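Structure assessment
Chain by chain, the residues run as shown.
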Amino acid sequence: MTQTHPELRVDFVNGPVAHRLRFGGGRGQDLPKAMGLRAGKTPTVIDATAGLGRDAFLLASLGADVTLIERSPKMHALLEDAMARATQEGGDFGEIMARMTLLHGDAKDLLSNLIADAILIDPMHPPRKNSALVKRELRQVREIVGTDEDAADLLRVALECAQKRVVLKWPAKADPIADVRACSHQIIGKSTRYDVFMIA
């Protein structure tokens with residue numbers, strides 16, 4: 001069988017992640033705001049669905065200590081390789097990697113043994129209602145990690161374990177996840193929204 005597209009690779013040193021590091025909007029971006037990063041406040045973070053690691057990298061680049069959890073063995077291996085290469089690169093990348101800790105396992109099982117101010121959940125999103133092709137890279141991720149049918153269960157576990165907040169990253173126009181309490185507030189971008197659940 002012929003390979004028609006390159007194998008998926010996670011890369012923190014080159015490409016869009018490195019570009020965002022240099023030219024992104026710092027703590028003013030929607031994700032850092034949703035996670036509670038503001039002047040004088042740098043929460044500890046768990047990224048419960050690490051995927052390509054880009055959100056974790058962004059938060060770590062802004063000073064947060066981030067624990068990444070990935071249950072797919074293949075995606076975990078891709079992340080491990082990318083983090084090793086970024087560590088070897090040294091400089092800013094080495095400093096950012098020093099704030100990132102990668103765990104392999106199901107977040108539903110691991111969260112109760114971890115302590116963090118904020119937990120980020122970015123499940124594989126429901127299929128788009130329009131017919132536009134999802135980016136090839138995201139299709140490849142979906143092929144590796146599946147569809148995250150247990151997103152509601154993970155969200156409920158996170159709400160029990162987070163110290164200060166849980167943030168669900170979700171398509172801007174998608175319905176809320178069923179059978180979970182309403183979020184405290186939302187930050188809505190063009191295609192993505194962040195449902196923020198504050199812990200009383």
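Fair warning: this is a prediction, and the values are worked out from it, not measured in the lab.

**Observations regarding the overall build of the protein chain**
In terms of regular secondary structure, the protein chain is built from eight helices and seven strands. Taken over 200 residues, the protein chain has a buried fraction of 46%. Considering only residue pairs separated by 6 or more positions, the protein chain has 67% of its internal contacts joining residues 24 or more positions apart. Approximately 10,700 Å² of the protein chain is accessible, and the part contributed by carbon and sulfur atoms is 51%.

**Things to note about the environment of Asp47**
Within the secondary structure, Asp47 sits in strand S1 (residues 45-47). The exposure class assigned to Asp47 is buried, which follows from its relative accessible area of 2%.

**Some points on the sheet that holds strand S2 (residues 66-70)**
Taking strand neighbours across the sheet as the criterion, the seven strands line up as S3-S2-S1-S4-S5-S7-S6 in an open arrangement whose pairing is mixed. Of all strands in the sheet, those with a lone pairing partner are strand S3 (100-104) and strand S6 (185-188), marking the two edges. The mean inter-strand angle of the sheet, taken between neighbouring strand axes irrespective of direction, is 20°. Strands in contact with helix H8 (residues 151-161) are strand S4 (118-121), strand S5 (165-171) and strand S7 (192-198); relative to S4, the strand with the most contacts, it is inclined by about 170°.

**Describing unusual backbone geometry**
Of note, the phi angle at Asp179 is positive, near 60°, even though the residue is not glycine. Position of Asp179 among the secondary structure elements: in the loop between S5 and S6. Given the relative accessible area of 71%, Asp179 is considered exposed.

**Re the packing of aromatic side chains**
Applying the stated criterion across every chain, the model contains two aromatic pairs. Here the aromatic rings of Phe12 and Phe57 are separated by 5.2 Å at their centres, their planes lie at 5°, and the arrangement is stacked. Residue Phe12 is found in the segment before helix H1 (15-23), and its partner Phe57 is found in helix H3 (residues 54-61); the two are separated by 45 residues along the sequence. Taken as a pair, Phe12 and Phe57 share a single burial class, namely buried. Of the aromatic side chains, those joined through ring pairs into one cluster are Phe12, Phe57 and Phe93.

**Comments concerning the pairing of S6**
Pairing geometry for S6 and S7, over four bridges, is antiparallel. Across the sheet, residue Ile187 finds its bridge partner in S7, namely Tyr194. Connecting S6 to the antiparallel partner S7 that follows it, the hairpin turn spans three residues.

**Notes on the pairing of S2**
In terms of residue burial, S2 counts as a mostly covered element, since five of its five residues are buried. Where S1 and S2 come together, three bridges link them in parallel fashion. Directly across from Asp47, in S2, lies its bridge partner Leu68. For the crossover from S1 across H3 to S2, the handedness is right-handed. In the sheet, S2 pairs with S3 via five bridges, with the strands oriented parallel. Counterpart to Ile69 in the pairing with S3 is Leu103.

Conventions used here
- Residues numbered from 1 in each chain as written.
- Predicted model: local features only at pLDDT ≥ 70, side-chain atom pairs only at ≥ 80, totals over all residues.
- Heavy atoms only, no water.
- Helix = DSSP H or I, 4+ residues; strand = E, 2+ residues; numbered from the N terminus.
- Buried < 20%, exposed > 50% of the residue type's maximum accessible area, 1.4 Å probe, protein only.
- Contact = heavy atoms within 4.5 Å.
- Areas by Shrake-Rupley, 256 points an atom, 1.4 Å probe, with all protein chains shown as cover.
- Pairing = 2+ DSSP bridges.
- Axes fitted to C-alpha atoms, helices over the stretch in contact; angles between N-to-C directions.
- Phe/Tyr/Trp six-rings, centres within 6.5 Å; stacked < 30°, edge-to-face > 60°.
- Right-handed = clockwise from strand over helix to strand, strands pointing away.

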